[in-house]
Amino acid sequence: MPKISQKGLQMPESPIRKLVPYAEVAKKKGHNVYHLNIGQPDIKTPKVALDAVKNANIEVLEYSHSAGFDSYREKLANYYKKQSLPIDKQDIIITTGGSEALLFALGSTMDSDDEVIIPEPFYANYNGFAVASGVKVAPVISSIETGFALPPIEEFEKLITSKTKAILICNPGNPTGYLYSEEEINQLAAIVKKHDLFLIADEVYREFTYDGYKHYSIMTIPGLENNAIMIDSVSKRFSMCGARIGCIVSKNSEVMSTAMKFAQARLSPPTYAQIASEAALETPQSYFDEVISEYKERRDILVNELNKIDGVKVAIPKGAFYCIAKLPIDNANDFAQWLLEKYDLNGETVMVAPAAGFYSSPNVGLDEVRIAYVLKKEDLIKSVQILKEALSAYKNKSI
């Protein structure tokens, strides 16, 4: 039998989705499963976006430009300018989700065996994108004790070698919800300029910030134009995960012309999804105000309820809609599977994402889970109550 590739063997399973078969079995048993494992918002997609697709008068569903609709890139540039981001149409290539934008960024800046430094825990698919691109991840660990703040810049310095090409951050962070301060962003800007590296920032959660904290984009830093690459997406901003529309953004013309080769190789981003995404830019500010208010309430409820459980420690998120919780267990992966396979409370259980999959360092985060607060408030309260009872039952079964 022909053998699959080493790259295929090295490709990691998603910690977010690998437990899906167990959830499906639980549902077949009649159990209600609360999905705390995946960042799929329950917020309604803006009506203006859905109506644009319904009303599209298309007789031939043809390719778009490889860079995406000209009209969409123009409006997107104006959207960024309103947020004080100095971005022009030529600085944008529309991609099939933020995932493709990340692949374009890695492919445009790194060769096989080059290295990218990433503060961990980080979005699990960064591991997969790195494997697909033949790139090595050099992790620098942040901790729950600091709320997952940026590790000391000296720790980044220690990891820089002749193979290092970039530092990659997610801001606000998935899975931690941490929001980097202006000082932290400037520290990163200084180190990439010092060592002539790229700074790639996944900013798909830019609008989701709480408690008066402000998001600082790498695109606003003077003198960083040749180093900065921004990744963005409509998935979370407009609750349009299924649209699969994102973009790669940079003022570096060489990066963009190289990324364009990758864009041409995949022909074009999807037409109907671009129609929806362009129309979504007409969404009024009141939509975002309501969404942010809702997520803040959900965050507060989740954190407050988790803090009531003995032995649980949680870092308070400043942005996005995730948190990392440290549980009084040894193996969160085993616990998450047990929740679905063998546990229910009055016919209900919860699904969480084991956090070890958000690290590339071995044996780190084994007692942590990522929780997405994308459910309505009453379901979050129920979910944490189930989690509390489950932890007690799980501990007793182990005695």
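Residues numbered from 1 in each chain as written. Predicted model: local features only at pLDDT ≥ 70, side-chain atom pairs only at ≥ 80, totals over all residues. Heavy atoms only, no water.

Heads up, the condition is: UniProt positions are given in the numbering used here, feature names are shortened, and annotations may be inferred rather than shown by experiment.
In the annotation of an unreviewed UniProt entry, the chain is listed under the name Aminotransferase and assigned to Flavobacterium jejuense. Recorded under Cofactor (unreviewed entry), the UniProt text for the chain is reproduced unchanged: "pyridoxal 5'-phosphate".

**A few points about the nonpolar core**
The following threshold applies: Residues grouped as a nonpolar core are buried Ala, Val, Leu, Ile, Met, Phe, Trp, Tyr and Cys residues, joined through side-chain atoms within 4.5 Å. Type-normalised accessible area, obtained with a 1.4 Å probe on protein chains alone, sets the label of each residue: buried when under 20%, exposed when over 50%, and partly exposed for intermediate values. Helix and strand definitions follow DSSP, with helices as H or I runs of at least four residues and strands as E runs of at least two, each counted in order from the N terminus. By definition, residues are in contact when any of their heavy atoms lie within 4.5 Å.
With 140 residues, the main nonpolar core has Y80, I248, L306, F335 and I371 as its most contacted residues. Broken down by element, this core gets its largest block of residues, 8 residues, from helix 11 (residues 285-306). Beyond its immediate chain neighbours, meaning those up to four positions away, Y80 contacts L85, I87, I92, R206, M230, D232, C247 and V249.

**Observations regarding the side chain of E368**
Summarising the element assignment, E368 is placed in strand 13 (residues 368-372). Setting aside its immediate chain neighbours within four residues, E368 contacts I324, A325, K326, A332, P354, A355 and Y359.

**Remarks on the packing of helix 5 (residues 97-109) against helix 9 (residues 253-265)**
Helix packing geometry: the angle between the two helix axes and the distance between the axes. As a reminder of what qualifies: All axes here are fitted lines through C-alpha atoms, helices being fitted over the stretch that makes contact, and every angle between N-to-C directions spans 0 to 180 degrees. With respect to orientation, any angle under 35 degrees is reported as roughly parallel, any angle over 145 as roughly antiparallel, any angle of 65 to 115 as roughly perpendicular, and every other angle as oblique. Two helices cross in a left-handed way if the nearer one is turned anticlockwise from the farther one by less than a right angle. They cross in a right-handed way if the turn is clockwise. Side-chain classes are defined by residue name, with Ala, Val, Leu, Ile, Met, Phe, Trp, Tyr, Cys and Pro counting as nonpolar, Asp, Glu, Lys and Arg as charged, and the others, Gly among them, as polar.
Helix 9 packs onto helix 5 with a crossing angle of 120° between their chain directions and a minimal axis gap of 9 Å. The orientation of helix 5 with respect to helix 9, classified from their angle, is oblique. Of the two elements, helix 5 crosses helix 9, and the hand of that crossing is right-handed. Facing helix 5, whose interface residues are F104, G107 and S108, helix 9 presents V255, T258, A259, F262 and A263. Class assignment for the residues of the contact of helix 5 with helix 9 results in 5 nonpolar, 3 polar and no charged.

**Some words on the sheet that holds strand 3 (residues 115-120)**
For clarity, the cut-off: Strands are treated as partners if at least two bridges between them are detected by DSSP.
Strand order across the open sheet formed by 7 strands is 2-8-7-6-5-3-4, with mixed pairing between neighbours. Since the sheet does not close on itself, it has two edges, and those belong to strand 2 (92-95) and strand 4 (136-141), each with one partner. Each strand of the sheet is rotated relative to its neighbour by a mean of 20°, with strand direction disregarded. Pairing between strand 2 and strand 8 (residues 246-249): 4 bridges, direction antiparallel. The partner of I93 across the bridge, within strand 8, is I248. Lying over the sheet, helix 6 (residues 125-133) contacts strand 3, strand 4, strand 5 (164-170) and strand 6 (198-202), oriented at roughly 155° with respect to strand 5. Sitting on the sheet, helix 8 (residues 182-195) is in contact with strand 5 and strand 6, with an inclination near 170° to strand 5.

**With respect to empty space enclosed by the protein**
Which entries qualify depends on this criterion: With a 1 Å grid spanning the protein atoms alone, the term cavity applies to any set of points in which a 1.4 Å probe fits but cannot get out, the term pocket to an open set with protein on both sides within 12 Å along at least five of seven lines, and the term lining residue to any residue with an atom within 4 Å of a point. Grid points are joined across faces, edges and corners, and a volume is the space filled by probe spheres set on the points.
Counting across every chain of the model gives 2 cavities of 30 Å³ or more. Roughly 120 Å³ of internal volume is contained in the largest cavity. The wall of the largest cavity is formed by 15 residues, among which P119, P121, C170, T176 and Y180 lie closest to the centre. Sorting the residues of the lining of the largest cavity by element identifies strand 3 and strand 5 as the ones contributing at least two each. Here the element with the most residues in the lining of the largest cavity is strand 5; it accounts for 3 residues.

**Some points on the packing of aromatic side chains**
Rules: Each Phe, Tyr or Trp ring, with Trp reduced to its six-membered ring, pairs with another whose centre is within 6.5 Å; inter-plane angles below 30 degrees give stacked pairs, above 60 give edge-to-face pairs, and intermediate values give tilted ones.
Applying the stated criterion across every chain yields a total of 19 aromatic pairs. Residues Y287 and F288 carry aromatic rings whose centres are separated by 5.4 Å and whose planes lie at 90° to one another, so their mutual orientation is edge-to-face. Taken together, the ring pairs connect Y205, F208, Y295, F321, Y322 and Y373 into an aromatic cluster.

**Observations concerning the UniProt feature "domain: Aminotransferase class I/classII large" (unreviewed entry) in the chain**
Here, the residues flagged by UniProt with the feature "domain: Aminotransferase class I/classII large" (unreviewed entry) are residues 33-344. The straight-line gap between the two end C-alpha atoms of residues 33-344 is 9 Å; of that span, 38% is helix and 15% is strand.

**Observations concerning the pairing of strand 8**
Here strand 8 shows a buried face lined by G246 and I248 and a second buried face lined by C247 and V249. Pairing of strand 7 (residues 228-233) with strand 8, which is carried by 4 bridges, proceeds in the antiparallel orientation. Considered in strand 8, the bridge of S233 is made with G246.

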